[in-house]
Amino acid sequence: MCNVGENSAYRIYCDDGKSGKDIQHRPAFQEMMQDARDGIISRIVVKKYDRFSRNMREYLNITDELDRLGVSVYSLSEPFSTETKERRMMRNNLLNFAEFERETIAARVADAFQTKARETGFYQGGKVQFGYTPERRTINALRPC
């Protein structure tokens, strides 16, 4: 988290390098939510809604909680707020696409790893099958596997 000063009118919560897939692994996000529960925050400004969360169900649960707490969420990039049902529908459509994009990227990465492993015969990482222990080796002075 990046503090801007103890008596400032705003605070920046940074989860650099953390995925928007879920909020459990984002400590600054958790701190922001606790500050909202404690009544310290009245407005949250995000660069894009999909940077807030890329999981539709989780996002809706979070925004429901924030609505109950009287905290509004605004995006700097999307030209609409969530004040009307039409605008909420647009936000939800954006989030559906963000979640779809995240899942598509994850599937492509997994497919690329499997293809590379088949082509080269080298283990590419990931979960090790039960009963096996991974170890790094150099074979014929090539790359480690």
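Below or above, wherever it landed, is the structure these notes cover. (Residues numbered from 1 in each chain as written. Predicted model: local features only at pLDDT ≥ 70, side-chain atom pairs only at ≥ 80, totals over all residues. Heavy atoms only, no water.)

**Section: the overall build of the protein chain**
Helix and strand counts for the protein chain stand at four helices and two strands. In the protein chain, the order of α-helices and β-strands from amino to carboxyl end is α-β-α-α-β-α. The burial tally for the protein chain puts 27% of its 145 residues in the buried class. Counting every atom, the protein chain has about 10,700 Å² of accessible surface; 51% of that belongs to carbon and sulfur. (Helix = DSSP H or I, 4+ residues; strand = E, 2+ residues; numbered from the N terminus. Buried < 20%, exposed > 50% of the residue type's maximum accessible area, 1.4 Å probe, protein only. Areas by Shrake-Rupley, 256 points an atom, 1.4 Å probe, with all protein chains shown as cover.)

**Focus: the pattern of salt bridges**
Throughout the structure, instances matching the rule amount to three salt bridges. Aspartate 35 is the partner of arginine 11 in a salt bridge, and the nearest nitrogen-oxygen pair spans 3.1 Å. In this pair, arginine 11 is assigned in the segment before α1 (27–37) and aspartate 35 in helix α1, connecting sequence segments 24 residues apart. The exposure class assigned to aspartate 35 is buried, which follows from its relative accessible area of 7%. Between glutamate 65 and arginine 37 there is a salt bridge, with the nearest N and O atoms lying 2.6 Å from each other. Here glutamate 65 is found in helix α3 (residues 56–69), whereas its partner arginine 37 is found in helix α1, with 28 residues between them in sequence. It is possible to trace a salt-bridge network through shared partners that takes in Arg11, Glu31 and Asp35. (Salt bridge = Lys/Arg side-chain N within 4 Å of Asp/Glu carboxyl O.)

**Side note on the pairing of strand β2 (residues 72–75)**
Side chains Val73 and Ser75 project from β2 onto a buried face, and the interleaved Ser72 and Tyr74 project onto a face without burial. Two strands pair when backbone bridges link them, and strand β1 (residues 43–46) and β2 are joined in this way by four bridges, in the parallel orientation. Bridging from a neighbouring strand, valine 45 pairs with tyrosine 74 of β2. (Pairing = 2+ DSSP bridges.)

**Points about α3**
One turn of the α-helix equals 3.6 residues, which is why residues spaced by three or four share an orientation. The end-to-end C-alpha separation of α3 is 20 Å, in line with the 20 Å expected for 14 residues at 1.5 Å each. Where α3 is buried, its residues touch α1, β1, α2 (49–52), β2 and α4 (85–120). Just past α3, the residue glycine 70 takes up positive phi, approximately 80 degrees. (Expected span 1.5 Å × (residues − 1). Contact = heavy atoms within 4.5 Å.)

**Digging into α1**
Among all positions in α1, only Ala28, Phe29, Met32, Met33, Asp35 and Ala36 are buried. Projected down its long axis, α1 carries its buried residues within an arc of 160 degrees, all on one side. Buried positions along α1 lie against β1, α2 and α3. Two residues or fewer past α1, glycine 39 is found with a positive phi of approximately 80 degrees. (Arc of directions from axis to C-beta.)

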